[in-house]
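Inside the fold
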Amino acid sequence: QVQVVESGGGLVQAGGSLTLSCKASERTWRTYYMGWFRQAPGKEREFVGSITVKGYIRYEESVKGRFIISRDNEKDIVYLQMNVLKPEDTAVYYCTAGRTSRPDEYWGQGTQVTVSS
């Protein structure tokens, strides 16, 4: 089964950091690109970034230079390290999987990230 489960959300002050984790099933890890999307209150979901099985990383411009995507092949985990957080980063963050560098075929349940000003 294709399965992704994210965790690590919470409340953080502006300028702070937070790291999200996504545990993928073996099938998901070996087959698909892994990515992150987010949905802010009252807004549509937007792409954050992704990482390929070969380690190529793609970022949305608003987070480039602040967020870091990485993967642990031994643990089948992908991370989203978020630095210099801003109030506008407040959103539900979703771990995703798919067959393109903007993977949106399979979704986790989401984890809330709230950044206070």
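Report on the accompanying structure. (Residues numbered from 1 in each chain as written. Predicted model: local features only at pLDDT ≥ 70, side-chain atom pairs only at ≥ 80, totals over all residues. Heavy atoms only, no water.)

**Here's the deal with the nonpolar core**
Where a protein is soluble and globular, its nonpolar side chains tend to be buried together. Ranked by size, the top nonpolar core spans 26 residues in total, and within it M34, W36, V78, L80, M82 and Y93 carry the most contacts. For this core, the secondary structure elements donating two or more residues are β3 (18-24), β4 (33-39), β5 (46-51), β7 (67-72), β8 (77-82), β9 (91-98) and β11 (111-116). When neighbours within four sequence positions are excluded, M82 is seen to be in contact with G16, S17, L18, L20, R66, F67, Y93 and V113. (Core = buried A, V, L, I, M, F, W, Y, C linked by side-chain atoms within 4.5 Å. Buried < 20%, exposed > 50% of the residue type's maximum accessible area, 1.4 Å probe, protein only. Helix = DSSP H or I, 4+ residues; strand = E, 2+ residues; numbered from the N terminus. Contact = heavy atoms within 4.5 Å.)

**Here we look at the pattern of salt bridges**
Following the criterion strictly, the structure yields four salt bridges and no others. Note that E46 is salt-bridged to R38, the shortest N-O span being 2.7 Å. Ionic pairing is found between R66 and D89, a salt bridge with its closest N-O pair at 2.8 Å. In this pair, R66 is assigned in the loop between β6 (57-59) and β7 and D89 in the loop between β8 and β9, connecting sequence segments 23 residues apart. Here the residues in one salt-bridge network are R38, E46, R66 and D89, joined through shared partners. (Salt bridge = Lys/Arg side-chain N within 4 Å of Asp/Glu carboxyl O.)

**Observations regarding the pairing of β8**
Pairing of β3 with β8 involves six bridges; the strand directions are antiparallel. Bridged to T19 within β8 is Q81. Between β7 and the antiparallel strand that follows it, β8, lie four residues; D76 among them carries a positive phi value of about 55°. (Pairing = 2+ DSSP bridges.)

**Considering the state of the cysteines**
Counted under the stated rule, the structure contains one disulfide. Shown here is the disulfide that connects C22 with C95, its sulfur atoms set 1.9 Å apart. Its torsion about the S-S bond being -80°, the disulfide of C22 and C95 is classed as left-handed. With C22 in strand β3 and C95 in strand β9, the pair connects residues that are 73 residues apart, well separated along the chain. By relative accessible area, C22 is classed as buried at 0%. Taking relative accessible area as the criterion, C95 reaches 0% and is therefore assigned buried. (Disulfide = S-S within 2.5 Å.)

**Description of the sheet that holds β8**
Across the sheet, which stays open at both edges, the four strands sit in the order β1-β3-β8-β7 with antiparallel pairing between neighbours. One side of each edge strand has no neighbouring strand; the edge strands of this open sheet are β1 (4-7) and β7. Each neighbouring strand pair of the sheet contributes to a mean axis angle of 20°, computed without reference to strand direction. With six bridges connecting them, β7 and β8 associate as antiparallel partners. Paired with I68 across the strands is Q81, a residue of β8. (Axes fitted to C-alpha atoms, helices over the stretch in contact; angles between N-to-C directions.)

**Remarks on the packing of aromatic side chains**
Counted under the stated rule, the structure contains four aromatic pairs. A centroid spacing of 5.0 Å and a plane angle of 50° characterise the contact between F37 and W107, whose relative ring orientation is tilted. Remark: W107 occurs in strand β10 (residues 106-107) and F37 occurs in strand β4; sequence separation between them is 70 residues. A relative accessible area of 6% places F37 in the buried class. In textbook terms, an aromatic cluster arises when at least three aromatic residues are bridged by ring pairs, as seen for F37, F47, Y94 and W107. Across from the ring centre of Y94, 4.1 Å away, lies the NZ or CZ of R45, which sits over that ring. (Phe/Tyr/Trp six-rings, centres within 6.5 Å; stacked < 30°, edge-to-face > 60°. Lys NZ or Arg CZ within 6 Å of the ring centre and 35° of its normal.)

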